[in-house]
Amino acid sequence: MNSQHSDTFEPRITAFVCNWCTYTGADLAGTSRLHMASNVRIIRLPCTGRIDPLFIVKAFERGADGVIVSGCHPADCHYTSGNYHARRRFAVFHDIMQFLGVDPRRMTFSWVSASEGAKWKDVVNETVANIRELGPYEAYRALAPDAVEPWPEAVDGLTPAGDQEPAAKEVAS
Ligand code: FES
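Anyway, here's the lowdown on the structure attached to this text. Because the structure is a prediction, the values reported are computed rather than measured. (Residues numbered from 1 in each chain as written. Predicted model: local features only at pLDDT ≥ 70, side-chain atom pairs only at ≥ 80, totals over all residues.)

Attention shifts here to the environment of I13. Mapped onto the secondary structure, I13 falls in strand β1 (residues 13-18). C-beta crowding within 10 Å serves as the criterion here: with 25 such atoms nearby, I13 is assigned to the buried category. Along the chain, I13 and I42 lie 29 residues apart, while their C-alpha atoms are 8.6 Å from each other. If near-sequence neighbours (up to four positions away) are discounted, I13 is found in contact with N39, V40, A64, D65, G66, I68, T127, V128 and I131. (Helix = DSSP H or I, 4+ residues; strand = E, 2+ residues; numbered from the N terminus. Buried ≥ 20, exposed ≤ 12 C-beta atoms within 10 Å, placed from the backbone. Contact = placed C-beta atoms within 7 Å.)

Structure, rendered in structure tokens:
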């Protein structure tokens, strides 16, 4: 794609992560000063079982070019089975997303534990590289032009990897 975007395009990635594993793994990646793309904005939730698939639709509506969903490995969920529910839900939702016109290549699902800072770094860097290759998600914005809201200004001033703590928002259970 989009060689005209490749030099200037900075993907906007929204990551929905669980508090207990992936958020801690992302924090570990930061405190370990692993070299990571700074294009990801993290939204922390108690568990992947709390992630409503409509959150993903909203993220795209509001300007995300890609979405990451990540939580505890199977059998490690802090709430016993939340990630199993999430896995089943997203298996179904995957088809619905395609029906809605969402390109599945723009969604990344992974399991990252609290000790896997290096894996989180890889997930981030690979996702950003993939989305950079795909280009801005203008096709989705064309589907719902009225829904697009400006991306928070902070994203426009992206700083080099490692110079900035990941922004986090918490959603109550
Ligand atoms: Fe991490 Fe449930 S607490 S997926």
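Attention now goes to the packing of helix α2 (residues 22-31) against helix α5 (residues 117-134). The packing of two helices is summarised by the inter-axis angle and the distance between the axes. Between α2 and α5, the shortest axis-to-axis distance is 7 Å and the interhelical angle comes to 90°. Considered as vectors, α2 and α5 are oriented roughly perpendicular to each other. Within the contact between the two elements, α2 uses T22, G25, A26, L28 and A29 and α5 uses G117, K119, W120 and K121. Here the contact of α2 with α5 is built from residues that sort into 4 nonpolar, 3 polar and 2 charged. (Axes fitted to C-alpha atoms, helices over the stretch in contact; angles between N-to-C directions. Parallel < 35°, antiparallel > 145°, perpendicular 65-115°, else oblique. Nonpolar A, V, L, I, M, F, W, Y, C, P; charged D, E, K, R; others polar.)

This part takes up unusual backbone geometry. Peptide bonds are mostly trans, and most non-glycine residues show a negative phi. A positive phi angle is found at R33, which is not glycine, with a value near 55°. Using a count of 10 C-beta atoms within 10 Å as the deciding quantity, one classes R33 as exposed. Backbone geometry at A75 places phi at a positive 80°, although glycine is not the residue there.

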